Amino acid sequence: MTKRLSGADGSHKDEGAMNPKDLDDLLASARHTRAEPSAEFLSRLLVDAYANMPEPAAVPVVPPRVGWRAVLRGWLNDFGAPAAGLACATAAGLWIGFAQPATLDPVTGALTLAAASTDTTEETVELIPRLDTWLGEG
Amino acid sequence: MAFDDLADQSDEALLQLYARGDRAAARTLVLRLSPRVLGYATRLLADRAEAEDVAQEAMLRLWRMAPEWRTGEAQVTTWLYRVVTNLVTDRQRARQRRQATTLDDAPEVADDAPAAVAQLIEADRMAALDRALDGLPDRQRQALILRHIEGMSNPEIAEIMQIGVEAVESLTARAKRALASALGGQREELGYADVEGGS
């Protein structure tokens, strides 16, 4: 049991208590004798750390933006040659239809005249003429 | 990131790296923080196995907290000490406090080995300190360990214990007086009698 004494400066000292300096030394020693973690304990902590580690933030996969030029380029790569042929044929057909070039007139005229000369009540136009029409002399 | 580079990083920066999946940051944090957490828990509980459980639980809570960690709000170590303090308090409330190691449990060494004798005296002193700490009220013990063994500042202790700085000063002062009183009767046994006479 210690007895508490009051000093003239108002401080207190317990008679029989450990010297404050000794106590400070003891506490300082305790600071340097800290329990060191064992390898097994550290590995347990690491297992926990890895198990609870958040997944790296997933970057959303955004499909590349495709413009109309890219689409057109793709089409030309895939279907360029057939499409060009088809476009040419379409354009030529339209031109022939509207312009009616003179070089085609005799052909269609012959067909319509041949149809008109037949003495029938039915007017027929042979779009696919027989061959002998063209083989006759004169 | 290389281990050497991580050694210069703050705890908070490492925790942010950990939250982004950096395994090296996890290793650095474990090596840096676990001795302090375990040391503090061991002093509070005077039981190594139980202290390891508490330290592991505290670190586990840190890993889980990492993604939501608010930068600049608290120091990682302060947060960890607070978690350990709360975990220990819960355990001490739940169980009968374990008896401290007695002096008789100290390892025997040959009498003619000065270094071994010095080690024995040191072991006796630490055992006596642990016993005296164990006899303190919980809050006094926590404050004294944080201040004088863990080397925390009073404002840090106030944050850990969630009390005011003046309350910390009061607790540590009372704890020191009680500790000095408890150890007073063992001065000679602990090898302090000669030192006191000489000073």
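Right, let's walk through the structure included here.

Quick notes on the rules
- Residues numbered from 1 in each chain as written.
- Chains lettered and ligands numbered in written order.
- Predicted model: local features only at pLDDT ≥ 70, side-chain atom pairs only at ≥ 80, totals over all residues.
- Heavy atoms only, no water.
- Helix = DSSP H or I, 4+ residues; strand = E, 2+ residues; numbered from the N terminus.
- Buried < 20%, exposed > 50% of the residue type's maximum accessible area, 1.4 Å probe, protein only.
- Areas by Shrake-Rupley, 256 points an atom, 1.4 Å probe, with all protein chains shown as cover.
- Expected span 1.5 Å × (residues − 1).
- 1 Å grid on protein atoms, 1.4 Å probe; cavity = no way out; pocket = protein on both sides within 12 Å on 5 of 7 lines; lining within 4 Å.
- Points joined across faces, edges and corners; volume = space filled by probe spheres on them.
- Nonpolar A, V, L, I, M, F, W, Y, C, P; charged D, E, K, R; others polar.
- Contact = heavy atoms within 4.5 Å.
- Core = buried A, V, L, I, M, F, W, Y, C linked by side-chain atoms within 4.5 Å.
- Domains from an automatic or database assignment.
- Axes fitted to C-alpha atoms, helices over the stretch in contact; angles between N-to-C directions.
- Parallel < 35°, antiparallel > 145°, perpendicular 65-115°, else oblique.
- Left-handed = near helix turned anticlockwise from the far one by under 90°.

This next bit is on the overall build of chain A. Helices and strands together make up the secondary structure of chain A, namely five helices and two strands. Moving toward the C terminus, one meets the helices and strands of chain A in the order β-β-α-α-α-α-α. In chain A, buried positions account for 16% of the 138 residues. Accessible surface computed for chain A: about 11200 Å², of which carbon and sulfur atoms make up 63%.

This paragraph deals with helix 5 (residues 76–94) of chain B. The end-to-end C-alpha separation of helix 5 of chain B is 27 Å, in line with the 27 Å expected for 19 residues at 1.5 Å each. For helix 5 of chain B, the buried fraction is high: 14 of the 19 residues fall into the buried class.

All names here are of chain B. Scanning all chains against the criterion turns up one cavity of 30 Å³ or more. When residues of the lining of the largest cavity are traced back to their parent elements, those giving at least two are helix 3 (23–45) and helix 5. Class assignment for the residues of the lining of the largest cavity results in five nonpolar, one polar and one charged.

This part covers the side chain of B:Gln142. Residues and elements named next belong to chain B. Relative to the assigned elements, Gln142 resides in helix 7 (residues 138–149). The class of Gln142 is buried, set by a relative accessible area of 1%. If near-sequence neighbours (up to four positions away) are discounted, Gln142 is found in contact with Tyr40, Leu44, Thr85, Thr89 and Met161.

Residues and elements named next belong to chain B. In this structure, Leu62, Trp63, Leu80, Val84, Leu179 and Leu183 are the most contacted members of the largest nonpolar core, which totals 71 residues. The dominant element in this core, judged by the number of residues it contributes, is helix 3, at twelve residues. A domain split of this core shows at least three residues from each of domain 1 (1–98) and domain 2 (101–199). Contact partners of Leu62, with chain neighbours within four places excluded, come to Leu15, Leu33, Trp69, Val76, Trp79 and Leu80.

Turning to helix 2 (residues 11–19) of chain B, a few remarks are in order. Residues and elements named next belong to chain B. Judged by how many residues are buried, helix 2 sits mostly within the fold: eight of nine residues are covered. All of the buried residues along helix 2 are Asp11, Glu12, Ala13, Leu14, Leu15, Leu17, Tyr18 and Ala19. Directly after helix 2, the chain includes Gly21, whose backbone phi takes a positive value near 90°.

A separate point is the packing of helix 4 (residues 48–65) of chain B against helix 5 of chain B. Residue and element names in this part refer to chain B. Between helix 4 and helix 5, the shortest axis-to-axis distance is 9 Å and the interhelical angle comes to 135°. In terms of orientation, helix 4 lies oblique with respect to helix 5. Considering how the two elements wind past one another, helix 4 and helix 5 form a crossing that is right-handed. Touching Glu50, Asp53, Val54, Glu57, Ala58, Met59, Arg61, Leu62 and Met65 of helix 4 are Val76, Trp79, Leu80, Val83, Val84, Leu87, Val88 and Arg91, all from helix 5. Along the lines of polarity and charge, the residues of the contact of helix 4 with helix 5 split into twelve nonpolar, no polar and five charged.

Function-wise, these values are silent; they only describe arrangement.
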